[in-house]
Amino acid sequence: MEAVSKTSRLTLAAMFLALGLLLPFLTGQIPQVGKMLLPMHLPVFLCGLLCGWRYGAFAGFLLPLLRSVLFSAPVFFPAGTAMAFELMTYGLVAGLLYGRSSQTLAALYRALLLAMAAGRGVWGLVQTIQLGLFGDGFSLDLFLAGAFFQAVPGILLQLVLIPGILLALQQGRAFRK
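The rules behind each value
Residues numbered from 1 in each chain as written. Predicted model: local features only at pLDDT ≥ 70, side-chain atom pairs only at ≥ 80, totals over all residues. Heavy atoms only, no water. Helix = DSSP H or I, 4+ residues; strand = E, 2+ residues; numbered from the N terminus. Rg over C-alpha atoms; globule rule 2.2 N^0.38 Å. Buried < 20%, exposed > 50% of the residue type's maximum accessible area, 1.4 Å probe, protein only. Contact = heavy atoms within 4.5 Å. Areas by Shrake-Rupley, 256 points an atom, 1.4 Å probe, with all protein chains shown as cover. Lys, Arg positive; Asp, Glu negative; His and termini not counted. Charge placed at Lys NZ, Arg CZ, Asp CG, Glu CD. 1 Å grid on protein atoms, 1.4 Å probe; cavity = no way out; pocket = protein on both sides within 12 Å on 5 of 7 lines; lining within 4 Å. Points joined across faces, edges and corners; volume = space filled by probe spheres on them. Nonpolar A, V, L, I, M, F, W, Y, C, P; charged D, E, K, R; others polar. Phe/Tyr/Trp six-rings, centres within 6.5 Å; stacked < 30°, edge-to-face > 60°.

## Some remarks on the overall build of the chain
Counting its secondary structure elements, the chain contains eight helices and zero strands. Put simply, the chain runs from its N terminus to its C terminus through helices and strands in the order α-α-α-α-α-α-α-α. Taken against the 2.2 N^0.38 rule, which gives 16 Å for 177 residues, the C-alpha radius of gyration of the chain at 16 Å falls within 12% of a compact globule. Overall, the C-alpha framework of the chain stretches about 50 × 30 × 25 Å when taken along its three principal axes. Counting across all 177 residues of the chain, residues that qualify as buried make up 44%. Within the chain, counting contacts between residues at least 6 apart in sequence, those at least 24 apart form 72% of the total. Looking at the chain as shown, the accessible area adds up to about 9,300 Å², and 72% of this sits on carbon and sulfur atoms. For the chain, the centre of its 11 positive side-chain charges and the centre of its 4 negative side-chain charges are spaced 18 Å apart.

Following this line, the structure appears as structure tokens:
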């Protein structure tokens, strides 16, 4: 990726944050569709990959909390707080791994898959702590349903769209390896 100025990274990160605030409105009328398509995840992954892990982590942590305060969705606790740590992990891990790689397609998929696994693990850990201390507990069935089974369409969408977007940006010379 071509060297990008701090101002450009900050501007892009703000754009991804705004996109993350707006995309859930496309699925907002049907919450189950939102849980399947994961509209806030896409901008966070792109932010980490294009702006770097620091920006991706910050945008990922801030996005669900800001969205919760502004639009009451996701519910601040426990969903919004758990999502904050999950999305922070996505931006951090994807940006860190991809930024330190050869930035090939294989490296991109490796970064995405490892970030997805790490983020879901962090989400499960945070939910276990939150619901263990303040709720009825968090079972393996709830973890598997929330982290994987409901999310399969969104995971597949991310694995198709993110490489396509990065490739288009590279071909358009907006960003280069």
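Next, the rest of the story.
## As for the layout of surface pockets
Approximately 880 Å³ is the volume attributed to the largest pocket. What lines the largest pocket is a set of 31 residues, among which P31, G34, K35, P74 and M83 lie closest to the centre. At the level of elements, α2 (31–37), α4 (53–71), α5 (76–99), α6 (105–134) and α7 (140–149) are the ones that each hand at least two residues to the lining of the largest pocket. No other element matches the four residues that α7 contributes to the lining of the largest pocket. Around the second largest pocket, the lining is made up of 13 residues, and of these R9, C51, G52, W53 and G99 lie nearest the centre. Elements with a minimum of two residues in the lining of the second largest pocket: α3 (41–51), α4 and α5. Residue classes in the lining of the second largest pocket are distributed as six nonpolar, five polar and two charged.

## A look at the environment of L22
Secondary-structure assignment places L22 in helix α1 (residues 6–22). For L22, a relative accessible area of 51% translates into the label exposed. In this structure the C-alpha to C-alpha distance between L22 and G95, which are 73 residues apart in sequence, comes to 22 Å.

## Focus: the packing of aromatic side chains
To describe a pair of aromatic rings, one takes the distance between the centres and the angle between the planes. Applying the stated criterion to the full structure yields four aromatic pairs. Between F45 and Y90 the ring centres are 4.8 Å apart and the planes differ by 25°, which places this aromatic pair in the stacked class. On the criterion of sequence distance, the pair formed by F45 in helix α3 and Y90 in helix α5 is long-range, its members being 45 residues apart. In this pair, the class of F45 matches that of Y90, namely buried. Taken together, a centroid distance of 5.3 Å and an interplanar angle of 75° make the contact between F61 and F85 edge-to-face. Of this pair, F61 sits in helix α4 while F85 sits in helix α5, placing them 24 residues apart in sequence. Given a relative accessible area of 30%, F61 falls into the partly exposed group. Residue F85 is classed as partly exposed on the basis of its relative accessible area, which comes to 35%.

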